[in-house]
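Each chain, letter by letter, is given below.
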Amino acid sequence: MKKSFYIGNVPIGNGHISIQSMTNTLTTDVEGTIKQIQELNKAGAELVRVSVPDVESALCCKKIVDSVSVPVIADIHYSAKPALIAIENGVKKIRINPYNMSENDIRLVVNQCREYDVPIRIGVNKGSAGRSITPSELAQDAANCTKRIEDYGWDKLVIAVKSSDVRETVLAYRELYKITDYPLHVGLTESGTENSGMIKSAVAIGSLLLDGIGDTIRVSLATNPVKEVYAAKKILRSIGLDKNYVEVIACPTCARTCIEVEKIAAEIEEMTRDYAIPLKVAVMGCTVNGIGESKGADVGIAGGKHKSILFHGGEQETVSNDEIKTRLIGIIEEYINNDK
C-alpha cells in the first residue's frame, strides 16, 4: 500500500496527481512573490515552492503564507536555520537535498518537521551527487536518505530523483518506484528552454505517468513559471488523466486547406485554456474528410472555398468563411455559459 497524506489541503499519494511550480522572484520581494504565487495558482498550480536561501527569506514566509490560498513549500539548501524559521512561519512542506546538507542539519530539520507536522520532499539530483552515478544508484541513494529520515522518526516524505537526461530520469524513477512506498515528485531537472524543455519534460513525465508512477509533477523550464503550469496541464490532458478541459483538435493542413486552421485553432485554444469543462472542438481545413476525421467533436468547422460547414449538437449548417470564426466562438461560448 502506497503512503498518502496532505500538503496543506492538497492530497499526495492517493491517486490525485497535483501540479506544482516554483517562483522565480526573490522571496524577500514579498509582494512580488505573493503576486506570482497567485498567478501560478490561477493557472492551475496546487502547490508552489519558494526559494529560502537565508534567514531573511525565511522570515518573509509568514506574510507570504498568510496571503495566499495555495500551500507554500520552502526550498532549502546547505543550512538548517532557514528551514527551521520557515517551518515556524507556516510553510506546508520543506524540500531538502541530502547531498548538500550535513547530517546534523538534516536531523534538526526532520525534528522540526515532525514537531510541526510538516512533510519533507527529499530531492536527490544527479548533478549534485558529486560522483558518476547510474539511474539505479541514484534511486538507491534516495532510498538510503529516506531510511535515515525514518530513523529520526518521520515518515511524511515525498521523494524525487532527477536528471537533465530524459532516459536517466525515467530509469531512476522506475527503479525508485520498485523500492519505496512513498509518493513520488516527478520531473526533469534543468530541462532547458521553453520549447525544448517542454518536449523533454513531456516525454519523461508522460512516460512515467503512463506507467502509473508519479503523485505530483513539475515541468522545469527556463521561462515564466506560469508556462510550466500550462505545460504540466497539457501533459495530464494528453495522456487522459485530465478530461475536464476544452480540447482543440486541428488537421495538419494540406493543399486542400481553405481556412486559417492554425490561427483559428490557436485563438480558440487560448480563449478556452482556463475553462474546466469537457468540450471537444475541431478545426478542420477542408470538407473532403474534415467532418469524418473530427467525428466525436462537440463542435467544429470544416473549411470550404467560400463557405464552411459548422457542426454542433448533431446538426450542420453552412456559413460563409467571413463569419465562420465568429460563429464558432459564439457556439463555444454557449457551451461554456450553459455549463456554469
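Residues numbered from 1 in each chain as written. Predicted model: local features only at pLDDT ≥ 70, side-chain atom pairs only at ≥ 80, totals over all residues. Heavy atoms only, no water.

## With respect to the sheet that holds strand β11 (residues 246–250)
Phase 1: One open sheet accounts for 5 strands, arranged β11-β12-β13-β14-β15; its pairing is mixed. With one partner strand each, in any of the chains shown, β11 and β15 (315–320) form the two edges of the open sheet. Direction aside, neighbouring strands of the sheet carry axes that sit 20° apart on average.
Phase 2: As paired elements, strand β13 (residues 299–302) and strand β14 (residues 307–312) share 4 bridges and run antiparallel to each other. In the sheet register, Ala302 faces β14, and the bridge partner there is Ile309.
Phase 3: Where helix α9 (residues 261–272) meets the sheet, its contacts fall on β11, β12 (279–284) and β13, and the angle it forms with β11 comes to roughly 175°. (Pairing = 2+ DSSP bridges. Helix = DSSP H or I, 4+ residues; strand = E, 2+ residues; numbered from the N terminus. Axes fitted to C-alpha atoms, helices over the stretch in contact; angles between N-to-C directions. Contact = heavy atoms within 4.5 Å.)

## Let's talk about the nonpolar core
Phase 1: With 74 residues, the main nonpolar core has Val91, Ile94, Ile96 and Ile217 as its most contacted residues.
Phase 2: With 7 residues, helix α8 (residues 225–238) is the largest single contributor of residues to this core.
Phase 3: Among residues more than four places away in sequence, those in contact with Ile94 are Ile73, Ala74, Ile76, Ala83, Ile87, Val109, Cys113, Val118, Pro119, Ile120 and Arg121.
Phase 4: Judged by nonpolar contacts, the second largest core, of 26 residues, contains Val248, Val261, Phe311 and Ile336. (Core = buried A, V, L, I, M, F, W, Y, C linked by side-chain atoms within 4.5 Å. Buried < 20%, exposed > 50% of the residue type's maximum accessible area, 1.4 Å probe, protein only.)

## Topic: the sheet that holds strand β6 (residues 93–96)
Phase 1: Across the sheet, 8 strands lie side by side as β8-β7-β6-β5-β4-β3-β10-β9; this open sheet has parallel pairing. Of all the strands in the sheet, just β8 (157–162) and β9 (185–188) have a single pairing partner and so form its edges. The sheet shows a mean angle of 25° between the axes of neighbouring strands, direction not considered.
Phase 2: As paired elements, β9 and strand β10 (residues 216–219) share 4 bridges and run parallel to each other. Pairing of His185 across the sheet is with Thr216, part of β10.
Phase 3: Of the strands in this sheet, β6 and β7 (120–125) touch helix α4 (residues 103–116), which is tilted by about 165° from β6.
Phase 4: The strands that helix α6 (residues 166–179) touches are β8 and β9; relative to β8, the one it contacts most, it runs at about 145°.

## Considerations on unusual backbone geometry
Peptide bonds are mostly trans, and most non-glycine residues show a negative phi.
Phase 1: The residue Tyr78 is not glycine, and still its phi comes out positive at about 75°.
Phase 2: Residue position: Tyr78 is located in the loop between β5 (72–75) and α3 (80–88).
Phase 3: Notably, Thr253 is not glycine yet its phi reads approximately 70°, a positive angle.
Phase 4: Mapped onto the secondary structure, Thr253 falls in the loop between β11 and α9.
Phase 5: Taking the relative accessible area as the measure of exposure, Thr253 reaches 43% and is therefore partly exposed.

## Observations regarding the pairing of β14
Phase 1: In textbook terms, the turn of a hairpin is the stretch between consecutive antiparallel strands, and for β13 and β14 this stretch comprises 4 residues.
Phase 2: Of the pairings in the sheet, the one linking β14 to β15 comprises 6 bridges and is antiparallel in character. Paired with His312 across the strands is Glu315, a residue of β15.

## Observations concerning helix α1 (residues 30–43)
Phase 1: Across its 14 residues, α1 extends 20 Å between first and last C-alpha, which sits within 8% of the 20 Å expected from 1.5 Å per residue.
Phase 2: Looking only at α1, the buried set comprises Val30, Thr33, Ile34, Gln36, Ile37, Leu40 and Ala43.
Phase 3: Next to the buried residues of α1 lie β3 (18–22), β4 (47–51), α2 (55–67), β5 and α8.
Phase 4: Just past α1, the residue Gly44 takes up positive phi, approximately 130°. (Expected span 1.5 Å × (residues − 1).)

## Overview of the packing of aromatic side chains
Phase 1: Following the criterion strictly, the structure yields 0 aromatic pairs and no others.
Phase 2: We note Lys2 situated over the ring of Tyr177; from NZ or CZ to the ring centre the distance is 4.1 Å.
Phase 3: It is Lys3 that lies over the ring of Tyr182; its NZ or CZ is 5.2 Å from the centre. (Phe/Tyr/Trp six-rings, centres within 6.5 Å; stacked < 30°, edge-to-face > 60°. Lys NZ or Arg CZ within 6 Å of the ring centre and 35° of its normal.)

## Here we look at the packing of α1 against α8
Phase 1: Relative orientation of the contacting elements α1 and α8 amounts to 15°, with a least axis distance of 9 Å. Taken together, α1 and α8 sit at an angle that is classed as roughly parallel. Of the two possible hands of crossing, α1 and α8 adopt the one that is right-handed. Residues Gln36, Glu39, Leu40 and Ala43 of α1 form the contact with α8, whose participating residues are Pro225, Val226, Val229, Tyr230 and Lys233.
Phase 2: Split by residue class, the contact of α1 with α8 holds 6 nonpolar, 1 polar and 2 charged. (Parallel < 35°, antiparallel > 145°, perpendicular 65-115°, else oblique. Left-handed = near helix turned anticlockwise from the far one by under 90°. Nonpolar A, V, L, I, M, F, W, Y, C, P; charged D, E, K, R; others polar.)

## Re the environment of Leu241
Phase 1: Inspection of the secondary structure assignment puts Leu241 in the loop between α8 and β11.
Phase 2: Separated by 69 residues in sequence, Leu241 and Leu310 have C-alpha atoms that sit 29 Å apart.
Phase 3: Every residue in contact with Leu241, bar those within four places of it in the chain, is listed here: Ile17, Leu209 and Leu236.

## Looking at the environment of Leu59
Phase 1: Mapping Leu59 onto the fold places it in helix α2.
Phase 2: Taking C-alpha positions, Leu59 is 35 Å from Lys234, a pair spaced 175 residues apart along the chain.
Phase 3: Setting aside residues no more than four positions away along its own chain, Leu59 makes contact with Ile85 and Asn89.

Interpretation note: all reported values are geometric properties and have no functional meaning in isolation.
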